[in-house]
Structure formats: structure tokens, C-alpha cells
Amino acid sequence: MASRWERDPVLTVEHLTMRFGGLLAVDNLSFSAGRGDITALIGPNGAGKTTVFNCITGFYKPSEGRIILKRGGDGVMGELAALTESGRRFVERESGALYLLERMPENQVSQTAQVARTFQNIRLFSGMTVLENLLVAQHNDLMTASGFSIGGIVGAKSYRDAEATAVEFALHWLERVDLAGRADDAAGELAYGDQRRVEIARAMCTKPTLLCLDEPAAGLNARESADLNTLLLSIREQEEISILLIEHDMGVVMGISDHIVVLDYGEKISDGTPKQVREDPAVVAAYLGVEDEHVEAATKEIAS
């Protein structure tokens, strides 16, 4: 039976290439992320993982390739060829929607295609409260309700109602990450692991279709990593969204991933289930930093 990333992909990356002058950071990369799957993008340092994330989320415009986000049923896929030829960025129908992310600016990837992201280096507003950080994530709805500021200034009912809804939603996510009691504390005063959870809660306040997490377990201890696993699995199950993550913590990757894509020097060297990837000699060799002809010896070394 075909895997979910083959039969129902939410994200399809086709022949993605990214050059920085003479540096080839990503080389002809293709992979899919299944709808409702947790997909991990792993590889040694410098493999090109963050560059791929930056292309998917609109930070970079790829040198070549196509990045398709699909929302809804497969019926909309029949419009892909026309969308590509037209030069438009997306098509939205009642049955579903298609977004060509490589054509969309960063703000449109987030707002229209509903792709949310966290960063390897925490980017909270440290001087704002935890609750305010989550309200910032809902600024598009609040700005619309305020008539782009005037309604908020005069205290229009539409704005007050939208603000109350935003606060309620933010508190819901603080409950989900076990930080409701810190809502009024400055985000910068939280412990490092708590700040990581606030970042995830803030991303979820954008109601994403695809949640992209850049090393969410970085700097966490063993207990915090285990708690992160539990949180991400609950988000996947209860919110029915897809998660794409970069991660070096193999306990996290192997513990929660449905699908793993392995990069080395910008190229895909493996793609499959955790078991398939774990047993792939090319992956073992890449992580040990040996040449291809030493793959068999490297496999024996890691096994022992």
C-alpha cells in the first residue's frame, strides 16, 4: 500500500535548487510530506535543511523548482497545469486549494497558504507578555475587525468581539502547552524550554495547514524533549494538521516521525519510514562522515 506522503501529500517539493553565487546549497531536491504526517528533514550540519525551510516558507526564492501546497481534496489537482502556466500564485475552490509557494512572498505564504514556522533561534518578543505574543500571531484578524485601526481606536463592537475571541484562543493554546499560569509574565522571563513551547503555541494561533518547526528540541533536556514529543503528537492528532520539522535530536525524530527525508550536501540521500532510514547504510555513512566505499564498515561500527 502506498504511503500517505505518496497518495495524499499536503506539500510537494519538486526539483528544488538553491544557489548562492557559486555555492549550490540545495541540489535538485524532490520529496513530499503527507497530510496529517509528521515529516522530519534531517542531515549533518550544513546539509541544506534550513535553506529548504527558508524556500518553503518564503524567506528565499529558489533558483529552480516548484513547491506545491495542497489543501482539501484531490479534485483541485486538475488545475495544477493551468495554474502553473498562468503565472498566478494560487487557486482556491470550495473543493480545495493549490498554492505555488515559490511564487508567493513570505507574508502570503503565512497568511494565505497558512504555513506557520518557528525558528532555531527563539524569536519571541521578550518584553511583551506571553499572552501578547500569542495575540500578535492573530493580528490579521484583529486588524480586519478594527477596520485597519479606526475600529480599535474608537472601541467598535466588532473589534471588541474579535479581541475577546483572540484572547480566548490564545489562552486555549497556553493551556495546551501548560503555560496558562504564565500568561501575564514577560516572555523573556520564561525558562528556555517554556519559551520553546510558547513559540509553538504562537505558531498554532495562526491556524496553520502546515506547521514548520526548525529544531524545536534544541537546548532541551531529556524530560523536556519527551514532553515535546507528547505535545507534537497531540497537535497532529487533535488539530489534524501536518508537521514538517528539522531536528538533530534523533530521539525526537525517531519517536514521532511518520516519514523522514535525509539530506547531505544539499542532496537527498534517503527517504522513507524511520525504520527504513535508520537501516540505510548511506545515512549511517553521512552521519559518521565517511566516504561511500566505507559505508559497509561504517554500518558495522554504528551497529556495534
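That block above? That's the structure.
Being a predicted model, the structure only gives us computed values, none of them experimental.

This part is about the side chain of Ser3. For Ser3, the position within the fold is in the segment before helix H1 (4-7). Engagement of the side chain of Ser3 in a polar contact is seen with the side chain of Glu6, the distance being 3.0 Å.

What follows deals with helix H10 (residues 222-239). Spanning 18 residues, H10 covers 25 Å between terminal C-alpha atoms, matching the ideal 26 Å at 1.5 Å per step. Within H10, burial applies to Glu224, Ser225, Leu228, Asn229, Leu231, Leu232, Ser234, Ile235 and Arg236. Capping of H10 at its N-terminal end is provided by Asn221; its side-chain oxygen lies 3.2 Å from the backbone amide nitrogen of Arg223. Count one or two residues on from H10 and you reach Glu240, which has phi positive near 55 degrees.

Glancing now at the nonpolar core. By size, the foremost hydrophobic cluster in this structure holds 46 residues, and its most contacted members are Leu134, Leu211, Leu232, Ile235 and Ile243. Two domains each donate at least three residues to this core, and these are domain 1 (4-114 + 209-303) and domain 2 (124-207). The residues touching Leu134, leaving out its near neighbours within four places in the chain, are Ala170, Trp173, Leu174, Val198, Ala201, Arg202 and Cys205. Formed by 31 residues, the second largest nonpolar core is a distinct cluster that contains Val10, Tyr99, Met104 and Cys212.

Attention now goes to unusual backbone geometry. Phi is positive for His15, close to 55 degrees, though the residue is something other than glycine. By the secondary structure assignment, His15 is in strand S1 (residues 9-20). One non-glycine residue with positive phi stands out, namely Gln114, at about 65 degrees. Mapped onto the secondary structure, Gln114 falls in the loop between helix H4 (106-111) and strand S7 (115-117). Overall, Gln114 belongs to the partly exposed group, its relative accessible area being 23%.

With that out of the way, let us pick up the packing of aromatic side chains. The description of an aromatic ring pair uses the distance of the two centres, along with the angle that the planes make with each other. Tallied over the entire structure, the rule returns three aromatic pairs. A centroid spacing of 5.3 Å and a plane angle of 75 degrees characterise the contact between Phe20 and Tyr60, whose relative ring orientation is edge-to-face. In this pair, Phe20 is assigned in strand S1 and Tyr60 in the loop between helix H2 (49-56) and strand S4 (64-72), connecting sequence segments 40 residues apart. The exposure class assigned to Phe20 is partly exposed, which follows from its relative accessible area of 34%. Its relative accessible area of 28% is what places Tyr60 among the partly exposed residues. The side chain of Arg123 reaches across the aromatic face of Phe119, ending 4.0 Å from its centre. Sitting above the plane of the Phe169 ring, Lys207 keeps its charged end 5.1 Å from the centroid.

Paired through their backbone hydrogen bonds, the strands of a sheet run either parallel or antiparallel. Pairing within the open sheet is antiparallel, and its five strands lie in the order S2-S1-S4-S6-S5. The sheet is open, and its two borders are formed by strand S2 (23-34) and strand S5 (90-93), each paired with just one other strand. Across the sheet, the mean angle from the axis of one strand to that of its neighbour is 10 degrees, orientation sign disregarded. Pairing analysis gives five bridges linking S1 to S4, with the strands arranged antiparallel. The residue bridging Glu14 from the neighbouring strand is Arg66, located in S4. Packed onto the sheet, H2 meets S1, S2 and S4 and runs at close to 115 degrees relative to S1.

Here the focus is the pairing of strand S3 (residues 38-42). With respect to burial, S3 is a largely interior element, five of its five residues being buried. One ladder, built from four bridges, connects S3 with strand S9 (residues 242-246); its direction is parallel. Across the sheet, Thr39 pairs through a bridge with Leu244, a residue of S9. Pairing analysis gives four bridges linking S3 to strand S10 (residues 259-264), with the strands arranged parallel. Each residue of the ladder has a partner; that of Ile42, found in S10, is Val262.

This next bit is on the packing of helix H9 (residues 192-204) against H10. The interhelical angle for the contact between H9 and H10, taken along N-to-C directions, is 10 degrees, at an axis separation of 11 Å. Taken together, the axes of H9 and H10 lie roughly parallel to each other. Contact residues: H9 offers Gly193, Ile200 and Met204, while H10 offers Glu224, Leu228, Leu231, Leu232, Ile235 and Glu239. Residues belonging to the contact of H9 with H10 are distributed by class as follows: six nonpolar, one polar and two charged.

Cut-off values and rules
Residues numbered from 1 in each chain as written. Predicted model: local features only at pLDDT ≥ 70, side-chain atom pairs only at ≥ 80, totals over all residues. Heavy atoms only, no water. Helix = DSSP H or I, 4+ residues; strand = E, 2+ residues; numbered from the N terminus. Polar contact = N/O pair within 3.5 Å; in protein donor to acceptor, adjacent residues only side chain to side chain. Expected span 1.5 Å × (residues − 1). Buried < 20%, exposed > 50% of the residue type's maximum accessible area, 1.4 Å probe, protein only. Core = buried A, V, L, I, M, F, W, Y, C linked by side-chain atoms within 4.5 Å. Domains from an automatic or database assignment. Contact = heavy atoms within 4.5 Å. Phe/Tyr/Trp six-rings, centres within 6.5 Å; stacked < 30°, edge-to-face > 60°. Lys NZ or Arg CZ within 6 Å of the ring centre and 35° of its normal. Pairing = 2+ DSSP bridges. Axes fitted to C-alpha atoms, helices over the stretch in contact; angles between N-to-C directions. Parallel < 35°, antiparallel > 145°, perpendicular 65-115°, else oblique. Nonpolar A, V, L, I, M, F, W, Y, C, P; charged D, E, K, R; others polar.

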